[in-house]
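# Remarks on the overall topology
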Amino acid sequence: MFLEVSYMEILESGTGELFHPPDPDGFREWVHKHKNTRLVSKIMSEQEAIARFVQDGDYIGTELYGTVRAPMSLIRELIRQGKKHLKVAGQGVHELDLLLAADLVDCLDITYIGWELYGISSILRRAVESGRVKTAEWSNAAISWRFKAAAMGVSFIPVRSMLGTDTFKYSAAKIAKDPWTGKPVCLLPALYLDVGLIHVHQADEYGNCRIEGISGFAVELARASKKLIISAEEIISNEEIRRYPERTIIPYYLVDAVVPAKYGSHPGEMCYRYWRDEEHLLQFYRDSADPEKTRAYLNRWVYGCSSHDEYIKLVGIERLKKLEMEIGGR
Amino acid sequence: MNTKYNEVEFLICLAASLMEDGTTAFVGTGIPMLAAALAKKTHAPNLVAVFEFGGTGASLENLPLAVGDSRTFHRAVAASGICDIMETAQRGFIEYGFLGAAQIDMYGNINTTVIGNYWPPKVRLPGSGGANDVGSHCWKNIIIIRQHDTKRFVPKVDFLTTPGYLYGPGTREKAGLPPNTGPYRVVTNLALMDFEPHSKRMRLIGLNPGVTVEQVLANTGFDLLLADNIVINSEPTEEQLRILRKEIDPEHYYI
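One structure accompanies this document, and this report is about it. Predicted model, so just to flag it, every value in this text is computed and none were measured.

Counting its secondary structure elements, chain B contains seven helices and 14 strands. For chain B, the C-alpha radius of gyration of 17 Å lies close to 18 Å, the compact-globule estimate for 255 residues. When the backbone C-alpha atoms are referred to their principal axes, chain B occupies close to 45 × 45 × 35 Å. For chain B, with 255 residues in total, the buried portion stands at 63%. Residue pairs at least 24 apart in sequence account for 64% of intrachain contacts in chain B once pairs closer than 6 positions are excluded. Entry remark: accessible area of chain B is about 9600 Å², with carbon and sulfur atoms responsible for 49%. Put simply, chain B has 22 plus and 26 minus side-chain charges, and the middle of one group is 3 Å from the middle of the other.

Next comes the structure, spelled out in structure tokens:
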């Protein structure tokens, strides 16, 4: 049975604010004008990368999430440089807790901010219950599919999540009558980012990247970003990249900066390289219940270090070697 | 409750017993992960555990601490990404989903977003995460709630994060959700519930040892239906407890 509908009927609109409306043509023009296909070295420090590519008021996205392959060295630098009035896609934990604690976030497209086995985020509670940070609701799949729509270069994607719920009602999605089935379908607005931040296992100097293990939403987020900052555990040769091109998950032309950052995901884990720093995370989680202790954490671990190298010295190489021993192999 | 085991251990064993061999389960952190690991080591060695950020078919020899950590794809058959996993669920491949809840109503609708008004909220909870997707796309959803009381079992959830049977029979499909999907069981520290097929309302089908029907009703903030034959749920076996304590969670992260 083929149901002919001459226009797409919108059945319902979410009441949540659309913090960053999709603009596929604007994105196309930006990419055309700014992205470079020449093989030029993009190696730089985290200080330079954040200073050059992130501005106050930007919409930023991070991948994967706080305790797993998150770009923590870049996040700490973002906080040191005090980039303000950020809009953020909230699918995370430690990285977003830190940004919220430093009071750098105005708007949050939230899906989940919490500590899984430990419990809920005290920092999120303080930020949102006080009315300081505005929120719109999404599911994990919805946020990822919003990146996917942007990666496709379109303005929305139809899905079957969020239907019938308050998650939809407080989102900025729409429900339309599917022109083919006639059934309600949820339309998610594409989420094009000003800046994406991703930590990878290996990259060459031009920005060709490899990720081991699960790819989370790196594929989509990388392609949904106007500017993309990569931090990498290891810099490898372009010759090595060309031997296994099928392993390049993010090609260089998407990338604006490549920041060498061994242990860049600490205190989170990096699969096959080092396990999460449970003691550090648990201490942070406990401290985060108290605003003053949260401030003390930032003073010590973020503001108190001028670079990722200093942070690593503060953590201590013996501790990091121990975390390397604790990670499971293949 | 029996001194031989604690409530969490009981919940894990009860949830594990609901998992079938040779099927697929969407597994989140906490009790579902332990239940899936236990099921794999006992009656369901061919259970395929699926984790939302990309792991499919992990061995679960070591307990994951997060839904994206490396243990969720250790010795797995595939390590992809969240879009692939969620699209797999949306295409109808995932049989069981596991969900937790801060609040639940008689149609199995779940709140994990806010307590009180939406803005500004009295208590801000973590949000949907993958729960809305799991609740929307899996064929059968099992909801695990550690504390069965009237604060959690409420007439109306403050915020409907994840769809159950919404407002009764047919409303799920009318909203556009896939037919023949929805909540399947609710497991708590007091009892086991299902959903009566015609009304789609929550129904008591099993009592945990030592718990009475009156106790369950007194701790439920809505009219709970009663099955004709309410059984007593089985206690964990010595073997289940041994595997759980010695092999699955020897560090006692959860139990």
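Taken together, the contact pairs 56 residues of chain B with 57 residues of chain A. Regarding the contact of chain B and chain A, the summed buried area is about 4400 Å², with carbon and sulfur atoms giving 59% of it. A salt bridge links glutamate 137 of chain A to arginine 124 of chain B; its shortest N-O distance comes to 2.7 Å. Ranked by residues supplied to the side of chain B that touches chain A, first place goes to helix H3 (residues 82–90) of chain B with five residues.

With that settled, consider the state of the cysteines. Applying the stated criterion across every chain yields a total of zero disulfides over all chains. Cysteine cysteine 186 of chain A is unpaired, with the sulfur of cysteine 83 of chain B as its nearest cysteine sulfur at 14 Å. Accessibility expressed as a relative area gives 0% for cysteine 186 of chain A, which makes it buried.

With that settled, consider the pattern of salt bridges. Pairing is possible between side chains that carry opposite charge, provided their charged atoms lie close to one another. Going through the model one piece at a time under the given rule, you end up with 31 salt bridges over all chains. Here lysine 322 of chain A and glutamate 326 of chain A are joined by a salt bridge, their closest N and O atoms 3.2 Å apart. Of this pair, lysine 322 of chain A and glutamate 326 of chain A both sit in helix H13 (residues 317–326), separated by four residues, roughly a single helical turn. Since its relative accessible area comes to 51%, lysine 322 of chain A is described here as exposed. The shortest N-O distance in the salt bridge between arginine 152 of chain B and aspartate 149 of chain B comes to 2.7 Å. Judged by relative accessible area, which is 25%, arginine 152 of chain B ranks as partly exposed. A relative accessible area of 14% places aspartate 149 of chain B in the buried class. The network of salt bridges with shared partners includes Glu212, Glu234, Arg273 and Arg330 of chain A.

Once that is clear, we can look at the pairing of strand S3 (residues 86–92) of chain A. All names here are of chain A. Of all seven residues making up S3, six are buried, and the element is well covered by its neighbours. Across two bridges, the pairing between strand S2 (residues 59–63) and S3 is parallel. Bridge assignment links isoleucine 60 to a residue of S3, and that residue is valine 88. Each parallel crossover has a hand, and for S3 linked through helix H4 (residues 94–101) to strand S4 (residues 105–113) it is right-handed.

All names here are of chain A. Within the sequence span of helix H2 (residues 46–53), burial applies to Glu46, Ala49, Ile50 and Phe53. Projected down its long axis, H2 carries its buried residues within an arc of 95 degrees, all on one side. Buried residues along H2 sit in contact with helix H3 (72–80), strand S9 (193–203), strand S11 (225–235), strand S12 (257–260) and helix H12 (308–315).

Once that is clear, we can look at the packing of aromatic side chains. Scanning the model with the defined rule gives 21 aromatic pairs over all chains in all. Pairing phenylalanine 284 of chain A with tyrosine 297 of chain A gives two aromatic rings, centres 4.7 Å apart and planes at 65 degrees, and the pair type is edge-to-face. Here the residue phenylalanine 284 of chain A occupies a position in helix H10 (residues 278–287), and tyrosine 297 of chain A occupies one in helix H11 (residues 291–303), the gap between them amounting to 13 residues. On the basis of relative accessibility, which here comes to 6%, the residue tyrosine 297 of chain A falls in the buried class. Ring geometry for phenylalanine 153 of chain B and phenylalanine 222 of chain B: centres 6.3 Å apart, planes at 35 degrees, overall tilted.

Moving on, we come to unusual backbone geometry. The linkage connecting histidine 266 of chain A with the following residue, proline 267 of chain A, adopts the cis geometry, with an omega of 10 degrees. Residue proline 120 of chain B follows tryptophan 119 of chain B across a cis peptide bond; omega there is -15 degrees. Inspection of the secondary structure assignment puts proline 120 of chain B in the loop between strand S8 (114–115) and strand S9 (123–124). Not every positive phi belongs to a glycine, and aspartate 103 of chain A is a case in point at roughly 60 degrees. By the secondary structure assignment, aspartate 103 of chain A is in the loop between H4 and S4. A relative accessible area of 46% places aspartate 103 of chain A in the partly exposed class. Positive phi values are uncommon outside glycine, yet arginine 75 of chain B reaches one of about 55 degrees. Here arginine 75 of chain B shows up in the loop between strand S3 (55–56) and strand S4 (78–79).

Residue and element names in this part refer to chain A. For valine 315, the position within the fold is in helix H12. Counting along the chain gives 14 residues from valine 315 to tryptophan 301, while the straight-line C-alpha distance between them is 8.8 Å. When near neighbours in sequence (up to four residues on either side) are disregarded, valine 315 contacts His266, Trp301 and Leu320.

This paragraph deals with the side chain of histidine 148 of chain B. Considering the arrangement of structural elements, one finds histidine 148 of chain B in the loop between strand S10 (140–145) and helix H5 (171–174). For histidine 148 of chain B, the side chain forms a polar contact with the side chain of threonine 188 of chain B, separated by 2.9 Å.

Quick look at the sheet that holds strand S7 (residues 174–177) of chain A now. All names here are of chain A. What the four strands build is an open sheet, ordered S1-S7-S8-S6; its pairing is antiparallel. The sheet is open, and its two borders are formed by strand S1 (10–13) and strand S6 (156–159), each paired with just one other strand. Pairwise comparison of adjacent strand axes, ignoring direction, gives a mean angle of 30 degrees for this sheet. Pairing of S7 with strand S8 (residues 184–189) involves four bridges; the strand directions are antiparallel. By the bridge assignment for S8, lysine 174 is matched with leucine 187.

Our focus in this paragraph is the side chain of glutamine 103 of chain B. Residues and elements named next belong to chain B. Note on placement: glutamine 103 falls in strand S6 (residues 103–104). Since its relative accessible area comes to 6%, glutamine 103 is described here as buried. Looking at glutamine 103, its side chain comes within polar contact range of the side chain of asparagine 111, at 2.9 Å. Here the side chain of glutamine 103 touches aspartate 158 through a polar contact of 2.8 Å, landing on its backbone nitrogen. Filtering out sequence-adjacent residues up to four positions away, glutamine 103 remains in contact with Asn109, Ile110, Asn111, Ile115, Lys151, Arg152, Val154, Val157, Asp158 and Phe159.

Reading guide: rules and limits
- Residues numbered from 1 in each chain as written.
- Chains lettered and ligands numbered in written order.
- Predicted model: local features only at pLDDT ≥ 70, side-chain atom pairs only at ≥ 80, totals over all residues.
- Heavy atoms only, no water.
- Helix = DSSP H or I, 4+ residues; strand = E, 2+ residues; numbered from the N terminus.
- Rg over C-alpha atoms; globule rule 2.2 N^0.38 Å.
- Buried < 20%, exposed > 50% of the residue type's maximum accessible area, 1.4 Å probe, protein only.
- Contact = heavy atoms within 4.5 Å.
- Areas by Shrake-Rupley, 256 points an atom, 1.4 Å probe, with all protein chains shown as cover.
- Lys, Arg positive; Asp, Glu negative; His and termini not counted.
- Charge placed at Lys NZ, Arg CZ, Asp CG, Glu CD.
- Buried area = accessible area lost by both parts, 1.4 Å probe.
- Salt bridge = Lys/Arg side-chain N within 4 Å of Asp/Glu carboxyl O.
- Disulfide = S-S within 2.5 Å.
- Pairing = 2+ DSSP bridges.
- Right-handed = clockwise from strand over helix to strand, strands pointing away.
- Arc of directions from axis to C-beta.
- Phe/Tyr/Trp six-rings, centres within 6.5 Å; stacked < 30°, edge-to-face > 60°.
- Polar contact = N/O pair within 3.5 Å; in protein donor to acceptor, adjacent residues only side chain to side chain.
- Axes fitted to C-alpha atoms, helices over the stretch in contact; angles between N-to-C directions.

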